[in-house]
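# A closer look at the structure
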Amino acid sequence: MDRPGRRTLLAGCAAALPACTSIGPTRLDRDQLDYARVMAEAGKRQTLFNLVRMRYGEPPAFLVVSQVVSGYTLQGTIEGNFTGFPSAKQSTFGAILGTAQYIDRPTFTLSPVTGEHFVQAYLRPFSPVDVLPLIQGGIPVDLLFRLIAQAIGPLQNTHPLGGPNRSGSAEFPLLLARLLRLQEGGALRVRVRREKESARVYLAFDTRHVPAMRGLVAEVYRMLSVDPSAEEVEVIYGVAQSQPRAREIPVLTRSLLNVLYAIAAEIELPDSDIAAMRAPPTLREPGNPRPSILVRSGPAAPAGSYVSVRIGDAWYWVEDTDYQSKLAFSILELLKSIAEGARGASLPVLTIPTG
């Protein structure tokens with residue numbers, strides 16, 4: 001019994017309703033694309049950063065994102081309370097309280113490419129089996145071979161450390177141009193044959209639907225000393241031997257580090273840096289073709305670019321309107337992915353929580 005003249009009614013809705021709502025499906029559609037875009041842009045900036053450093057004689061540094069873990073939590077709490085005093089209405093009151101908490105804790109695991117991983121990924125020459133399928137995937141054969149091949153058969157590519165008078169076969173760029181015409185005409189194909197412990201790759205020249213290109217195939221065979229009766233030839237790693245009418249094309253491939261040095265050697269630098277001997281003069285291929293990747297520089301950031309990076313007081317970038325440079329840069333990123341992914345990965349040593 002309550003005291004006379006006073007009744008107290010306590011109706012409590014003191015219910016804490018903690019809830020952990022799954023928001024993964026709603027976040028996946030957006031975050032998957034966001035992370036993919038940011039990681040791609042970061043990879044391009046790191047590549048350009050290293051190219052410019054190598055042009056100035058600085059050592060490159062490579063850091064890969066080996067793991068991305070993102071956790072989301074949404075918690076809510078609601079609490080209600082009502083207290084009534086019939087004999088004293090002015091003392092009657094109610095309250096509803098609510099709280100919400102959203103937690104986003106992404107974590108990135110970064111691994112420096114050092115030691116054995118660096119040797120395997122950046123110092124070991126590419127295997128033809130790893131890179132030639134890119135041709136079948138639509139990568140221009142001339143640009144791919146210009147980047148990764150030091151020699152194709154008896155024909156030599158120029159060497160990035162050869163100085164202003166870099167040696168190279170005069171027919172090497174002609175060979176690449178003819179291979180590109182065959183690829184564009186649908187006469188050049190790549191076949192990979194998987195075996196138990198290895199794989200072999202072949203170039204096939206099929207002119208049944210493009211008979212007008214048979215003379216072009218014969219010219220390629222002559223330049224590479226290939227048996228003209230062969231419908232397809234195996235591409236192997238190595239240097240050419242004095243063996244006429246062979247059914248193999250030896251390709252002396254470069255390592256990824258050598259590819260980067262070859263591209264860096266063609267980067268144009270300010271005349272003041274050349275005069276101050278901060279870097280050697282820009283090297284050019286015989287016949288002075290345009291660089292594989294045309295890198296611009298200036299004191300301020302560009303209004304729009306495909307990729308840009310600031311080093312010291314200067315900005316370096318690749319223009320967004322330069323399709324040829326963007327295509328070569330994309331091939332370089334593919335080569336990096338092949339080299340870093342197919343040849344083992346180092347253990348993560350640095351984890352950065354960003355939440």
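Summary of the structure given here. Position numbers for residues start from 1 in each chain and track the written sequence from start to end. Only residues with pLDDT of at least 70 are given local features in this predicted model, and only at 80 or more are side-chain atom pairs given and counted; all residues enter the totals for whole chains, interfaces and linings. By convention in this description, side-chain values take in all heavy atoms of the structure and omit both hydrogens and water.

A few words on the sheet that holds strand β9 (residues 232-237). Pairs of strands are assigned from DSSP output, requiring at least two bridges between the strands. Counting from the N terminus, the helices are the DSSP runs of H or I reaching at least four residues and the strands are the DSSP runs of E reaching at least two. Sheet architecture is open: 6 strands sit in the order β6-β5-β10-β9-β8-β7, paired in mixed fashion. Each of the sheet's edge strands pairs with one partner strand only, and the pair in question is β6 (155-156) and β7 (188-194). Those strands touched by helix α7 (residues 214-224) are β5 (149-152), β6, β8 (199-205), β9 and β10 (248-253), and its axis lies near 130 degrees from that of β8. A contact between two residues is defined here by any heavy atoms of the two lying within 4.5 Å. To obtain each axis, a line is fitted to C-alpha atoms, and for helices this fit is confined to the stretch in contact; angles are then taken between N-to-C directions over 0 to 180 degrees.

We define a salt bridge as a side-chain nitrogen of Lys or Arg found within 4 Å of a carboxyl oxygen belonging to Asp or Glu. Going through the model one piece at a time under the given rule, you end up with 18 salt bridges. A salt bridge links E171 to R222; the shortest N-O distance between them is 3.4 Å. Taken together, the residues span a long stretch of sequence, with E171 in the loop between β6 and α6 (172-184) and R222 in helix α7 at a distance of 51 residues. Accessibility here uses a 1.4 Å probe with only protein chains present; expressed as a share of the type maximum, an area under 20% marks a residue as buried, one over 50% as exposed, and anything in between as partly exposed. Its relative accessible area of 46% is what places R222 among the partly exposed residues. A salt bridge links R193 to E195; the nearest nitrogen and oxygen atoms lie 3.1 Å apart. According to the relative accessible area criterion, R193 is partly exposed, its value standing at 33%. Among the residues examined, E195 registers a relative accessible area of 35% and is labelled partly exposed.

Turning our attention to the environment of Y122. Residue position: Y122 is located in helix α2 (residues 115-123). Classification of Y122 as buried rests on a relative accessible area of 0%. Those residues in contact with Y122 that sit more than four places away from it in its chain are F62, V113, S255, L256, L257, L260, K336 and E340.

Moving on to unusual backbone geometry. One non-glycine residue, S225, adopts positive backbone phi at about 55 degrees. A relative accessible area of 35% means that S225 is categorised as partly exposed. Here the phi dihedral of M277 falls at roughly 65 degrees; this positive angle occurs in a residue that is not glycine. Classification of M277 as exposed rests on a relative accessible area of 74%.

Across the sheet, which stays open at both edges, the 3 strands sit in the order β11-β13-β12 with antiparallel pairing between neighbours. Only two strands of the sheet have a single neighbouring strand rather than two, namely β11 (296-298) and β12 (307-311). Averaged over all pairs of adjacent strands, the angle between their axes in this sheet comes to 20 degrees, without regard to strand direction. Judged from the 5 bridges that link them, β12 and strand β13 (residues 314-318) form a sheet pairing that is antiparallel. Within β13, the residue paired with S308 across the bridge is W317.

A few words on the packing of aromatic side chains. Side-chain rings of Phe, Tyr and Trp, where Trp is taken by its six-membered ring, are said to pair if the distance between their centres is within 6.5 Å; with planes under 30 degrees apart they count as stacked, over 60 as edge-to-face, and otherwise as tilted. According to the stated counting rule, one finds 5 aromatic pairs in the structure shown. Ring geometry for F118 against Y122: centres 5.4 Å apart, planes inclined by 10 degrees, an arrangement best described as stacked. In this pair, F118 and Y122 are both assigned in helix α2, 4 residues apart and thus about one turn of the helix distant. A ring pair is formed by F205 and Y221, whose centres lie 5.3 Å apart and whose planes are at 85 degrees; its orientation type is edge-to-face.

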